[in-house]
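Single-letter residue listing:
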Number of protein chains: 2
Amino acid sequence: MKKIRWGIIAPGKIAHEFAHDFQFVKYGELKAVASRSQERADNFAARYGIPKAYGSYAELYADKEIDAIYVATPHTFHHENSTDALNSGKAVLCEKPITVNTAECDSLIALAKEKNQYLMEGMWTYFLPAIQKASEWINTGRIGRVLSIKADFGNAVPFDAESRMYNPALSGGTLLDMGIYPLAITWLIYKKDPINISVISRKASTGVDNDVNMQFEYEDEVASLHSSFRSKLNNHAYIIGEKGYVDLPDFWHAHECLLCDNSDKVIDRFEDNRKGVGFEFEIDSVSHDILNGLKQSEVMPLAYSRKLQEHMQMVMEKF
Amino acid sequence: MKKIRWGIIAPGKIAHEFAHDFQFVKYGELKAVASRSQERADNFAARYGIPKAYGSYAELYADKEIDAIYVATPHTFHHENSTDALNSGKAVLCEKPITVNTAECDSLIALAKEKNQYLMEGMWTYFLPAIQKASEWINTGRIGRVLSIKADFGNAVPFDAESRMYNPALSGGTLLDMGIYPLAITWLIYKKDPINISVISRKASTGVDNDVNMQFEYEDEVASLHSSFRSKLNNHAYIIGEKGYVDLPDFWHAHECLLCDNSDKVIDRFEDNRKGVGFEFEIDSVSHDILNGLKQSEVMPLAYSRKLQEHMQMVMEKF
């Protein structure tokens, strides 16, 4: 069976998890890694048994034996790296957030269309079996009409002015890094724009947002969302309907979901028994898409990425 | 040992729980109940072994052997009943909300002062051992600086236009009935006014609020609060600090609390092993206060009641 041959750009923390999960992947194989440092590329390649290690991104773009590139650089480089990768004729899976504003997002979407090339934002959460099960429960009416969503993602991240998280030059801040998950789960369920939003944001001394509390109002629904570097939040997503609710513990990398009635009785429960970190589902879905000639994902289409960018921009305008 | 002799006005649902808990009370005894219906008073008295059953409130006010009256009528009658009880020379414990607006609240507070009589709003939650333990943890710095509070209280309450909950003539609506608890736990921790609030409210066909989602902003802190008749909410209170958080499951009648660090590790846990519903702590505290000649509670002073009324009014102005 033909497999998509992947290359990774930037062997950082998330690239490690991504590479780790290739052992559980059916439709793709990891063939190369590129770093600005040959040594880092070599070390990463050795650790995951990757045949090729490049000391520059350009070498990876030029490699004719690579079909798809996973862009795992800091946010501010996503646009440049994805542009270069698309221009080199590769399919692109770009880590979230796909870009740091809507203009950059539009530019990438236009380029992918022009090049007739596959592009997807790495919203891996959408591909997790627990998220898909939760969606199925909700779409088949098991909690009735959805009225409210609550989703937090907060961890106490020690301040370090130089770190990607706190560095404004790298588009640091909790919203783009963590807040995108509560926004994404909300979009997945409601699939419409809020009619009003209220935001309380706090800033670290470097000027980046380190706590963002959001209230999204819809015609009849509401979403209470929160992301933080200041404190450990609950990190469940609750999708609350008339007849019950779905509880997704640690929804951003969900392993399980619970369907509860209005008496808190668990009436259904799903646990994936995955072996990987959770990237295997995304990698296989994207590889399968590319093998089948698709130009974007049906699970995470580019229009969704554009919406998430819009919503984050709406929130940032209220900072 | 001398005990405070209590009388109850209005043998409704909450009065049953209140009366039930007298078996666990040290400083008070239940001596009378009054209803507008002699039959209801008789039935209630028989059930809880109460010596006197009155078919009118006036008879209870006139009873020289009663020291304190528990007002358990619907919200709209609290002001009138508490006024009459204070005027008859009784100490008053009035069920929450103490009144339905700040003007009524001021009137009652002034009357209690004029009569030099004890008055307290029945914020029984403040007297629960788990709430007191949580406060102790927080006040001794065990979660560091508090940054965020999340507290929901929502149950799916079937619509019934005639019920107290949905009847505007009885000041129905979720805010006064359930929303006061999230506001009260927030006040207990922050003890200051929000500098800004944002509210998303929904209304039932009778015009009363059936879902109120609130975002309270403080100088550096935030509170996300929600009360609902539309859906079952999580109903925990999370008090979130820099170093960890306190989790209070079903905080409005809390049996337990958990102290967790930023890795979600439970580092301390408290469970009360109470025998009653939880009213015994409030009844004993108020009885003890009265026995000691106090005119208001140090746990739930009248200034707190005034603040809760103000905050509810601020929220209602945003409906």
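Residues numbered from 1 in each chain as written. Chains lettered and ligands numbered in written order. Predicted model: local features only at pLDDT ≥ 70, side-chain atom pairs only at ≥ 80, totals over all residues. Heavy atoms only, no water.

## A few points about the overall build of chain A
The secondary structure content of chain A amounts to nine helices and 14 strands. For 319 residues, the compact-globule formula gives about 20 Å, and the C-alpha radius of gyration of chain A, at 19 Å, lands near that figure. Counting contacts in chain A only where the partners sit at least 6 residues apart, residues at least 24 apart contribute 66% of the total. When the accessible surface of chain A is totalled, it reaches about 12,100 Å², and 48% of it is carbon and sulfur. (Helix = DSSP H or I, 4+ residues; strand = E, 2+ residues; numbered from the N terminus. Rg over C-alpha atoms; globule rule 2.2 N^0.38 Å. Contact = heavy atoms within 4.5 Å. Areas by Shrake-Rupley, 256 points an atom, 1.4 Å probe, with all protein chains shown as cover.)

## What about the environment of A:Lys307?
Residue and element names in this part refer to chain A. With respect to the helices and strands, Lys 307 occurs in helix H9 (residues 302-316). Along the primary structure Lys 307 and Val 199 are separated by 108 residues, whereas in three dimensions their C-alpha atoms are 18 Å apart. Not counting residues up to four positions away in its chain, the partners in contact with Lys 307 are Trp 187 and Asp 193.

## A short note on the sheet that holds strand E13 (residues 256-261) of chain B
Residue and element names in this part refer to chain B. Strand order in this open sheet of eight strands is E8-E9-E10-E7-E11-E12-E13-E14, and the pairing throughout is mixed. Only two strands of the sheet have a single neighbouring strand rather than two, namely strand E8 (196-203) and strand E14 (266-271). Neighbour to neighbour, the strand axes of the sheet diverge by 10 degrees on average, direction disregarded. Here strand E11 (residues 237-241) runs beside strand E12 (residues 244-248); their pairing, made up of four bridges, is antiparallel. Residue pairing in the sheet places Ile 240 in a bridge with Tyr 245 of E12. Against the sheet, helix H6 (residues 129-139) makes contact with strand E7 (146-154), E11, E12, E13 and E14, and its axis sits at roughly 25 degrees relative to E13, the strand it touches most. (Pairing = 2+ DSSP bridges. Axes fitted to C-alpha atoms, helices over the stretch in contact; angles between N-to-C directions.)

## Details of the side chain of B:His78
All names here are of chain B. Looking at the secondary structure, you find His 78 in helix H4 (residues 78-87). His 78 gets classed as buried once you look at its relative accessible area, which sits at 1%. Looking at His 78, its side chain comes within polar contact range of the main-chain oxygen of Glu 95, at 3.2 Å. Residues within four places of His 78 in sequence aside, it is in contact with Val 71, Thr 73, Cys 94, Glu 95, Lys 96, Pro 97 and Ile 98. (Buried < 20%, exposed > 50% of the residue type's maximum accessible area, 1.4 Å probe, protein only. Polar contact = N/O pair within 3.5 Å; in protein donor to acceptor, adjacent residues only side chain to side chain.)

## Points about the sheet that holds strand E2 (residues 28-34) of chain A
Residues and elements named next belong to chain A. Within the open sheet, the six strands sit side by side as E3-E2-E1-E4-E5-E6. Their pairing is parallel. At either margin of the open sheet sits one strand with a lone partner, and together these are strand E3 (52-54) and strand E6 (119-122). Pairs of neighbouring strands in the sheet enclose a mean axial angle of 25 degrees, with direction left out of account. Of the strands in this sheet, strand E1 (4-9), strand E4 (68-71), strand E5 (91-95) and E6 touch helix H4 (residues 78-87), which is tilted by about 170 degrees from E5.

## Thoughts on unusual backbone geometry
Omega for the peptide link from A:Lys96 to A:Pro97 comes to -10 degrees, which places this bond in the cis form. By the secondary structure assignment, A:Pro97 is in the loop between E5 and helix H5 (102-114). Notably, B:Asn235 is not glycine yet its phi reads approximately 65 degrees, a positive angle. Relative to the helices and strands, B:Asn235 is located in the loop between strand E10 (222-228) and E11.

## As for the domain arrangement of chain A
All names here are of chain A. The domain boundaries assigned to chain A delineate domain 1 (4-122 + 278-300) and domain 2 (129-271). Put simply, the middle of domain 1 and the middle of domain 2, counted by C-alpha atoms, are 26 Å apart. Every contact between the two is made by ten residues of domain 1 and, on the other side, ten residues of domain 2. The three residues of domain 1 that bury the most area against domain 2 are His 75, Thr 76 and Lys 96, which together make up 50% of that side's buried surface. Viewed at the interface, domain 2 and domain 1 are joined by zero salt bridges. For the pair domain 1 and domain 2, the number of links is zero residue pairs in polar contact (both at pLDDT 80 or more). For the side of domain 1 that touches domain 2, the residue count by class is six nonpolar, two polar and two charged. (Domains from an automatic or database assignment. Buried area = accessible area lost by both parts, 1.4 Å probe. Salt bridge = Lys/Arg side-chain N within 4 Å of Asp/Glu carboxyl O. Nonpolar A, V, L, I, M, F, W, Y, C, P; charged D, E, K, R; others polar.)

## Things to note about the state of the cysteines
Residues and elements named next belong to chain A. Inspection of every chain in the model, using the stated rule, returns zero disulfides over all chains. Cys 94 forms no disulfide, and the closest cysteine sulfur to it belongs to Cys 105, at a distance of 9.8 Å. Cys 257 takes part in no disulfide bond, and the closest cysteine sulfur to it belongs to Cys 260, at a distance of 10 Å. (Disulfide = S-S within 2.5 Å.)

## Overview of the relation of the copies chain B and chain A
Once chain B is rotated about the relating axis by 180 degrees and shifted along it by 0.0 Å, it coincides with chain A to within an RMSD of 0.0 Å. Each copy turns onto its partner about a two-fold axis. Looking at chain B, 100% of its interface residues are interface residues in chain A too, so the copies touch through the same face. (Least-squares fit on C-alpha atoms with pLDDT ≥ 70 in both.)

## Some words on the interface of chain B and chain A
Residue-level contacts link 33 residues of chain B with 33 residues of chain A. With both sides pooled, the region where chain B packs onto chain A buries about 2,700 Å², and carbon together with sulfur makes up 45% of that total. Looking only at chain B, the three residues that lose the most surface to chain A are B:Gln215, B:Arg230 and B:Lys232, adding up to 24% of its buried area. Counting across the chain B and chain A interface gives eight salt bridges. The closest approach of N and O atoms between B:Lys150 and A:Asp152, which form a salt bridge, is 3.5 Å. Scanning the region where chain B abuts chain A turns up 25 residue pairs in polar contact (both at pLDDT 80 or more). When grouped by side-chain class, the residues that make up the side of chain B that touches chain A number twelve nonpolar, ten polar and eleven charged.

## Considering helix H8 (residues 279-291) of chain B
Residue and element names in this part refer to chain B. An ideal rise of 1.5 Å per residue puts 18 Å on 13 residues; H8 measures up with 18 Å between its terminal C-alpha atoms. Of all 13 residues that make up H8, ten are buried, and the element is covered over most of its length. The complete set of buried residues in H8 reads Phe 279, Glu 280, Glu 282, Ile 283, Asp 284, Ser 285, Val 286, Ser 287, Asp 289 and Ile 290. Taken together, the buried residues of H8 touch strand E1 (4-9), helix H1 (13-20), strand E2 (28-34), strand E4 (68-71), strand E5 (91-95) and strand E6 (119-122). Where H8 terminates, the next one or two residues include Gly 293, which has phi positive at roughly 80 degrees. (Expected span 1.5 Å × (residues − 1).)

## Examining empty space enclosed by the protein
Summed over all chains, the structure comprises one cavity of 30 Å³ or more. A volume near 190 Å³ is recorded for the largest cavity. Looking at side-chain class alone, the lining of the largest cavity contains five nonpolar, eight polar and four charged residues. (1 Å grid on protein atoms, 1.4 Å probe; cavity = no way out; pocket = protein on both sides within 12 Å on 5 of 7 lines; lining within 4 Å. Points joined across faces, edges and corners; volume = space filled by probe spheres on them.)

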